Amino acid sequence: MKQLIFQEDPNLEVEHEAVFTWEIINWRKMDRRTHSPVFTCGDSPWRILFFPYGNNCDCASFYLEHGFEDKPPEDWYRCVQFGLVLWNKNEPASFVHHQAHHRFTADEADWGFTRFVELRELLATSDKRPRPLVEDDSAQVTAYVRVMKDPTGVLWHNFINYDSKKETGFVGLKNQGATCYLNSLLQSLYFTNSFRKAVYKIPTEHETVANSALTLQRLFYRLQTHTDAVPTLELTKSFGWETQDIFAQQDVQELNRILMENLENKMKGTEVENLLNKMFVGKTKTYIKCINVDYGSERIEDFWDIQLNVRGYKNLDESFKNYIAVETMDGENKYFAEGHGLQDARKGVIFESFPDVLHLHLKRFEYDLNTYAMQKVNDHYEFPEVFDAAPYLSEEADKNADWEYVLHGVLVHSGDLNAGHYYAFLRPQKDGEFFKFDDDRVTRATRREALDENFGGDYSLGGNHDGVRNQVSRQLSIKRSMNAYMLVYLRRNKVDEILVPVTEADAPEHLPKRFEEERQIALQRKRDREEQHLYLYVRIITQTQFTAHQGFDLASWDDKDSLPEAQPIGFRFKKAKRMGELVELIAKEHGYGPEQLRLWVMVNRQNKTVRPDQPLTDLDKTVEETQLKHNSKSNDFRLWVEATEQSKLKDMPFNKDPSPNSPWIVVFLKQYDPWQPTLLGVTHVYMRRNDKVQEILPVICELMNWPPKTEILLFEEIKPTMIEPIKPKQSFHQAEIQDGDIICFQKTPTEKEYETLKEKRIPKDAKEFYDYLVNLTTVRFIPKNPQYGKDFMLSLSKKNAYDEVAERVGAQLNVPPTHLRFMLVNAQTGAPRQPIKRTPTLILSQMVTPQYYSATPTSHNQLCYEVLDMSLAELETKKPLRFIWLPEGISKEEPAEALVPKAGTISDVIPYIMKRFNVSEQAVDRIRFFTSHAGKFHKEIPPNYSVVSFQEYTTLYCELVPEEEINCNLDVCRIIEAFHFQKEPSKTHNAGVPFKFVVKKDERFEDTKARLQARTGIKGKPFEKIKFALVKKSSFSKPIYLNDDDTLYDCIDDSEDLLGLDHVDRNSRNGWGRVGGPEIRIK
C-alpha cells in the first residue's frame, strides 16, 4: 500500500515518516464532524478530520489536520506528503485511497478530500470489492504521512503574505511591464559588492534624479535597506526610457555594455576612475601567422564579456575550445603577406587575460538563415560550479597565476523568443547558498535548481503530462524552455575583494538624508490628506497681485504660467476658526494691523468674470459658515484683501456715515500703455454712485502725476469679449458701474501717434489690446532637424497671418521669414506631419489645428519648422520627387528626394543625382529610371516624362544600366525581367527590388548564377539560399526551377517570361541579412 500511495521523487527528501490506523466504530452514530486520536510524525502532532455524512456533499469527507490543541507555534509549518486509505478490516482488499501533498501552516491547518468516497458506495459490493467498505457499521482509516525536508523554505508555498526580506534577508525589484531582464541584471550587479561600492563613490550630491548614476545609487541603497520590493521606475526614467521601452524586452548583453559605458563616463575624474575596467575587462589577441614564412600580425583588444556558442556544443569547455580554435587559411582563402604574397596561414583568437568578474553570454538566441528570423536554442548545455580558465590563455600569459573561477550567478530565460521571462540565481556570500531573484520575490534555491535545471535540453513527460517520469508509459521528448543565457563567474583568489562587505556607511551621506526628507514629505502629504476635511483652501489677492497682473479681472485664478507675483496666494485654514483669526493671520503675514484690512468675498458673475462682491463684516462667524453663505459653488474661498494705510483709515468712505441716496462704490483702475505695450492694475478708488464718470479723471491724473487737463480715454472691462467705451457725462449708476467693476484708462493718442502705432502693429487703444489678449497663445516651435535649429516658445495672436508668424520666427532664428516652412507635430511620435499650405487668409489658429479629419492626434500649440534653402514661394513652384537610388545592384538602397520644377521632366533630376551620388558626366547616359508595381518591373521612365504624372504612392527606382546590358548583342542575348517571390509566384515581395538581366545563349545556369550574383550584389549565404525559377506569363503557372546544367536562354519561350528569385521575404529595406532591433539608450 505504501508503494501505491507514495511515488518516489528524487528531488525530495523524507525527514520523518509515520503510519497511523484509526478504527471507526458506530459510523451512523458519529457526530457530523469528528476527529481521530492524535498521533505524531516527527515533532508535530497530527489527526484525521472526518465528516461521516459529507462536508456539504453526498460523500464521506476525510482530511489530515495538525493536532495542536491550541494554535501551533509561531511560524510553524510542515511540508507533508500523505495518503488516506479507507478499508474493511475483515477484507483488506476492499479499500479506497487518495493521496496529496500540502504545506501545513497555522492558517491552512487541514488538507484532504471532500469527495473521498460517495456515501452510496460505502455499503456496496462488486467483483473488485467483494465486501463493502463499511461493514457492521465500522471501518478502518489508515494515514500514511511523510514530512519532507524543505531546503529552500518555499516547498509547495502559495506565497500569500510571503515576506522576502524576512525569509531570505533580501528584497526583489518590481516589474514595470517587461523589465524582468533589467531586474535580473541589476540584482547581479548589486551582489557584485565591489561594483556596488564603486557606484556609491560616484559624486552625485548635487545631482537630480534625472542623473542615472544617482538613481542607480538610490536603487542599490533601497535594495540594501528597504523591507519591500524596490521599484525601478525612477531608474528607467533617468535612462530616458518611455512607455514603449518599458514594454519591450531588450538584449541583456547590449544593456550591460551600454550601462557600463555610461557609468565609466560618470566615473571619469573621480577616485573610482578605471575601476570598472579592472573589474570587468579582459584582453584577447587576434592573430594571423604564416606557416611557411616568418610573417604574421597580432591585435590586442579589450572585452567586457564573452559570447559562447551553444548550438553543437555540450559544455563550457567545448565552447571555449571552439572560441580559440585555429583556422587554416589555404587554397582560395590564402593570406596576403606583405613582401611574401599569398601564403598558407593560421588564424585565431586567444585570451591574454581574464577579468576578476567574468560575464559569459551563452548564445541562446541565434539568427536562422533558413527562416531569416531569430530563434531560441534550447539545447542541453552544461556549465560547472568551478572551472579553470588557464587552458584558454596564450603561451605568453602567466599561467602560474590562479585562473580558477567559481560560479556566482546564473541568469535564466524561460519561454521562447516572442514571450519569455527572466530571473536570476545568485550566490551573495562566498561559499554560501544560492537565492532565486524573480522580480519582486526572493527565495532560497538549491544547487540543482541553480545549475542542473538550467542546462536546457530534453526532459520527458509521461502520458499524464504531470512532469514526472513514467518508465512504463511512452516518453514524450520536449525541450526545456528555461535555461541559462548569462553566467557570472568570480576569480577564486579575488572573491574576498569582490564580495567585500558593504554597509550603510559605504553609501553616500546624502542618500539617507534625502530618503528621510522624502519620507517626511510623504508623511506630511498623508497627514494632509487625512486632515483635508478639517481645512478650507483660502486664496487671496492683494494690491501686489493686482498691479502685477496683465489680463482680465483682478488676477488670473487658474493661469499657472503667469508671473509668480501675479498669482493669488493660497493656503490651508481650519474651517472651525473665526473670520477674525483669518484677518489676523493675513495682517501678520503682510505687515498690517488687523484694523487696516477688509476682506471682500469674490464671486463668479454670470458674465464669467470673478469680482469682489461685498466686504465681510461679521468676523465672529467661522470660516466655513462664511464660505457656505457667500461662495457655496466654489471649492476654494476666494478673497480680495483691501489694505488701508493707518493715517488714511479715518478718512476712508467706509468709516463715514453712508449716504442713502448716493452710496460709495469701489472701482478698480487699470492703465493701458500702448508704448510698452502693457495693461496693468493701478489701484482701487471709492466713487459716489451718482457722480459723473468724468469726476474720476482728476483722480486718475493725480494718481499718475499727469497734468490736470490730460485727455483720457475710458473703457469698462465688462467681460473678456466685451470692452466698451464709457461716456464721461453719464453717472456711474447710469453706466451700470457697481462695486468691483474695472475701468481701464489711457492717454488719448494724437493722430501722429495713431499712425505710429498702426505702423508698428500695436493696438491703438485698450479695446484692441483686450482683443489681442483674448487671442494670445503660446506656441512651441520645434526644429525638423535638431542639428540645425533650436526649440523655443513664442507668444502670438491667434489672428496672426502665416507671414506674421514666419516673421516672428525668422527674427527669433535670424533667418529670412520667406525661407520658413511649418508643419503640425504628431502627438504620439513627435514626428512632423505634412507641411502646412501657405495661403493669404491662413491664420495661426488654423495653422495649429488640422484642417481635415485625422485619426492621428496632433500636439497642442506646437509647430515644427524647417529652414529652406530657397524661399517658400519658389519652393511652391517645385515638386518633391522621391526615388530610391541603387548603387550596388539591388543589395543596397538609398532613399532620396529631389526638388524639380512642377513643369519639369524626369531629366531635371539628373543634376541632383550627379551631385548627391558622385555620378560622372560619362555615366549620365547610363542613368535609368523605372517604376515597380506589386514587386514586379512596371515600366521604364523616359527622360522627357513629366514629373507631375508621378503619384505619391509610386515607387520610383534609379540605377546605372550595367555595361553588360548596354553592350549586349540581342542576336545571341535576351533581356529578362526578374522579381522576388516566396514559394508561389503570386506571393511577391512587395519590398523586393525588380531588375533587368541579360541572358546569354548557350550559357549553363551555373555560370549564369555567377553573373546574377554580380548583378544583384547579394553575397554569401543569403545568395546561396535563393532558388531561381522561370515564371511563365500565365498568372497561375507553376515556377520551373532551374538546375546548374540548364540553359536559361533555351527555357524562355515568350518575351513576357520572368526570372523569379524564390526566398524568404524579410519585408525590410534595411539591406540583406541585417537584423533590426529596438535601440537601447541610457542618458
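Shown above is the structure to which this text applies.
Since the model is a prediction, treat every value here as computed from it, not as a measurement. (Residues numbered from 1 in each chain as written. Predicted model: local features only at pLDDT ≥ 70, side-chain atom pairs only at ≥ 80, totals over all residues. Heavy atoms only, no water.)

Asks: Where do I start with the pairing of strand 11 (residues 296-303) in this structure?
Replies: Looking along a regular strand, one sees the side chains alternate between the two faces of the sheet. With eight bridges connecting them, strand 10 (residues 282-290) and strand 11 associate as antiparallel partners. If you follow T286 over to strand 11, its bridge partner there is R299. (Pairing = 2+ DSSP bridges. Helix = DSSP H or I, 4+ residues; strand = E, 2+ residues; numbered from the N terminus.)

Asks: Hey, could you run me through the nonpolar core in this one?
Replies: The nonpolar side chains of a soluble globular protein tend to be buried with one another. Of all hydrophobic cores here, the largest spans 58 residues; its most connected members are F195 and F220. With residues up to four places along the chain from it excluded, the contact list for F220 reads L186, L189, Y190, F195, R196, V199 and Y200. Counting residues in hydrophobic clusters, the runner-up holds 38 residues, among them F351, L360, L393 and A445. (Core = buried A, V, L, I, M, F, W, Y, C linked by side-chain atoms within 4.5 Å. Buried < 20%, exposed > 50% of the residue type's maximum accessible area, 1.4 Å probe, protein only. Contact = heavy atoms within 4.5 Å.)

Asks: In this structure, what is going on with the pattern of salt bridges? I would like to understand it.
Replies: Where charged atoms of side chains with opposite charge meet at close range, the side chains can pair. Scanning the model with the defined rule gives 66 salt bridges in all. A salt bridge links E298 to K285, with the nearest nitrogen and oxygen atoms 3.7 Å apart. Of this pair, E298 sits in strand 11 while K285 sits in strand 10, and the two are 13 residues apart along the sequence. Residue E298 is classed as exposed on the basis of its relative accessible area, which comes to 58%. (Salt bridge = Lys/Arg side-chain N within 4 Å of Asp/Glu carboxyl O.)

Asks: Could you clarify how one ought to interpret helix 23 (residues 910-917) in this entry?
Replies: Two residues of an α-helix separated by three or four positions point the same way, owing to the 3.6 residues in each turn. Among the residues making up helix 23, those that are buried are I910, I913 and F917. Taken down its axis, helix 23 places every buried residue within 60° of arc, on the same side. In helix 23, the exposed residues that point more than 90 degrees away from the buried face are P911 and K915. Count one or two residues on from helix 23 and you reach N918, which has phi positive near 55°. (Arc of directions from axis to C-beta.)

Asks: For this particular structure, what's the right way to read the sheet that holds strand 37 (residues 742-747)?
Replies: Strand-to-strand pairing in sheets goes through backbone hydrogen bonds, with the strands running parallel or antiparallel. Spatial ordering of the open sheet is given by 34-33-37-35-36, a layout of five strands whose pairing is mixed. With partners counted over all chains shown, the strands left at the sheet margins are strand 34 (678-688) and strand 36 (722-725), one partner each. Here the average twist between neighbouring strands, direction ignored, is 30°. Sheet topology places strand 33 (residues 664-673) next to strand 34; ten bridges connect them, and they run antiparallel. Within the sheet, the bridge partner assigned to Y672 lies in strand 34 and is L679. Across the sheet, helix 19 (residues 766-774) is in contact with strand 33, strand 34, strand 35 (712-719), strand 36 and strand 37; its angle to strand 34 comes to roughly 125°. (Axes fitted to C-alpha atoms, helices over the stretch in contact; angles between N-to-C directions.)

Asks: Even after reading the chapter, I still don't get the packing of helix 4 (residues 193-200) against helix 8 (residues 252-267), so can you show me in this structure?
Replies: Packed helix pairs are characterised by how far apart their axes lie and by the angle those axes make with each other. Contact geometry of helix 4 with helix 8 gives a least axis separation of 11 Å together with a crossing angle of 45°. Considering the angle they form, helix 4 stands oblique to helix 8. From helix 4, F195, A198 and V199 reach across to helix 8, where they touch M260, L263 and M267. By residue class, the composition of the contact of helix 4 with helix 8 is six nonpolar, no polar and no charged. (Parallel < 35°, antiparallel > 145°, perpendicular 65-115°, else oblique. Nonpolar A, V, L, I, M, F, W, Y, C, P; charged D, E, K, R; others polar.)

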